[in-house]
Amino acid sequence: MVELYDRKKQANWPELIGRCAVSLILVLLTQCTQFLVPHFFSDSYFFIQLLLSALILLAVASAAGWCRRLLRVRSSAPAFVFCSVLFVWLVYMAVVRQDASLLMNLLFNGQIILLIFGLCRMLSSDPGLGSYSSSPSDAVSQSFVLEIDTHHQETDILMSNPYLGRLTEADIGLGDRLRRCPICKRYVKGFDHHCPAFGNCIGHKNYVLFIVLLFGFIWTEATYICLSQYSAKSGLLGGDGTRLEVIFSRKVARSTMLFSIQQLVWQVAFFLWHVYCICFNIRTDEWIHWKRYPEFQIVVQSEQGQRSSEMKFRNPYDKGVLQNVKEFMASKQ
């Protein structure tokens with residue numbers, strides 16, 4: 001029996017430092033370009049500013065990606081997230097907190113500290129690395145665990161085994177749902193997806209932490225937006241100050257608020273998608289690439305009893321919303 005246990009390759013320190021430096025430069029570039037919106041369009045409607053801010057962010061992301069490929073340098077997505085959080089925290093401490101109460105300052109600072117702790121925890125967490133054994137007795141299980149390379153192979157297997165669409169979880173023994181991450185090349189139990197922003201696979205053991213951390217980002221971003229808006233109406237950011245530092249502080253806070261709103265929109269959408277996945281006990285990779293996994297395929301037959309080559313998705317793990325949520329919340333060892 002051969003045991004295959006893939007571990008994540010660690011980059012060396014000079015390479016890591018270089019990636020973090022590139023990420024820091026990208027964060028500063030992003031925030032500087034976001035500052036251009038309130039600087040040049042301060043009299044425009046808020047929705048117009050938000051739309052321009054989103055367009056600029058897309059343009060900067062595209063240009064930065066092209067430059068990185070041209071220069072052959074790599075960045076670190078977790079470092080970008082970490083530096084973005086620190087930048088927003090710095091703006092809050094320098095500008096926004098002056099108009100916030102002591103309780104709100106303690107609340108927001110506590111959120112940021114928990115967020116940073118959660119990011120560090122996610123980076124080092126075990127997503128549920130599993131071992132894959134190859135032996136003659138496991139030949140049947142292997143055909144379901146390994147990814148099928150081409151659509152033609154999948155069709156041939158299904159057509160030669162039409163009963164696959166009727167197999168249950170107990171029949172095929174896929175309770176662990178072992179999947180291979182295409183990025184890390186590791187086998188992960190309950191593999192959902194590889195999250196570049198958090199620098200780790202999301203699987204069986206850290207899925208709950210992922211959802212909590214995602215909700216933490218939403219909570220923190222929403223808190224910052226509310227506090228920034230409150231400051232804009234109460235004094236420093238929304239007053240008639242003519243001093244250069246007051247005007248600059250107002251625009252910086254405005255630009256970071258626009259950036260936070262954009263982050264909040266996609267984070268809420270991403271969070272709702274994963275809530276849906278929890279309710280129906282399905283993983284992102286399985287939903288998007290369901291044709292790779294025979295247990296999610298069912299062959300549609302014609303009324304005359306002839307086999308059809310059409311395949312449809314079905315979820316053999318869906319046990320109802322309540323039971324699915326209960327299994328998700330249960331501790332899995």
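The rules behind these values
- Residues numbered from 1 in each chain as written.
- Predicted model: local features only at pLDDT ≥ 70, side-chain atom pairs only at ≥ 80, totals over all residues.
- Heavy atoms only, no water.
- UniProt positions renumbered as here; feature names shortened; annotations may be inferred.
- Helix = DSSP H or I, 4+ residues; strand = E, 2+ residues; numbered from the N terminus.
- Buried < 20%, exposed > 50% of the residue type's maximum accessible area, 1.4 Å probe, protein only.
- Contact = heavy atoms within 4.5 Å.
- Areas by Shrake-Rupley, 256 points an atom, 1.4 Å probe, with all protein chains shown as cover.
- Salt bridge = Lys/Arg side-chain N within 4 Å of Asp/Glu carboxyl O.
- Core = buried A, V, L, I, M, F, W, Y, C linked by side-chain atoms within 4.5 Å.
- Patch = residues over 30% accessible without salt bridge, like charges linked within 9 Å, V, L, I, M, F, W, Y side chains within 5 Å.

The chain goes by S-acyltransferase in an unreviewed UniProt entry, where it is assigned to Citrullus colocynthis. What UniProt states about the chain under its Subcellular location (unreviewed entry) heading is, verbatim, "Endomembrane system". Under the UniProt heading Sequence similarities (unreviewed entry), the entry covering the chain gives this text: "Belongs to the DHHC palmitoyltransferase family."

Here we come to the overall build of the chain. Of the regular secondary structure elements, the chain holds 11 helices and eight strands. Out of the 333 residues in the chain, the part that is buried amounts to 41%. Long-range pairs, those at least 24 residues apart, make up 69% of the contacts in the chain between residues at least 6 apart in sequence. Of the roughly 18,700 Å² of accessible surface on the chain, a fraction of 65% belongs to carbon and sulfur atoms.

As a further point, take the pattern of salt bridges. Applying the stated criterion to the full structure yields five salt bridges. Lys205 is the partner of Asp126 in a salt bridge, and the nearest nitrogen-oxygen pair spans 3.5 Å. Separated by 79 residues along the polypeptide, Asp126 in the loop between helix H4 (102-124) and strand S2 (132-134) and Lys205 in the loop between strand S6 (200-202) and helix H8 (207-234) bring together distant segments of the chain. Judged by relative accessible area, which is 48%, Lys205 ranks as partly exposed. In this structure, Glu295 and Arg179 form a salt bridge, with 2.4 Å as the shortest nitrogen-oxygen distance. Of this pair, Glu295 sits in the loop between helix H10 (284-288) and strand S7 (297-301) while Arg179 sits in strand S3 (residues 178-180), and the two are 116 residues apart along the sequence. On the basis of relative accessible area, Glu295 is assigned to the buried category, the value being 1%. Salt bridges sharing partners connect three or more residues here, namely Arg179, Glu286 and Glu295.

Let's shift gears to the nonpolar core. Core analysis: the largest hydrophobic core is formed by 38 residues, its most contacted members being Phe198, Tyr207, Phe210 and Phe217. Every element with two or more residues in this core is listed here: helix H3 (77-94), H4, H8 and helix H9 (244-279). If you tally residues by element for this core, the top one is H8, at 10 residues. Setting aside residues no more than four positions away along its own chain, Tyr207 makes contact with Asp192, Ile202, His274, Cys277, Ile278, Arg283 and Phe328.

Taken together, the side chains of Tyr276, Phe280, Trp287, Ile288, Val321, Val325 and Met329 make up a nonpolar region of the molecular surface, amounting to roughly 630 Å² of accessible area. At the level of elements, H10 and helix H11 (321-329) are the ones that each hand at least two residues to the nonpolar patch. Among the elements that make up the nonpolar patch, the one with the highest residue count is H11 (three residues). The class for Trp287 is partly exposed, based on a relative accessible area of 36%.

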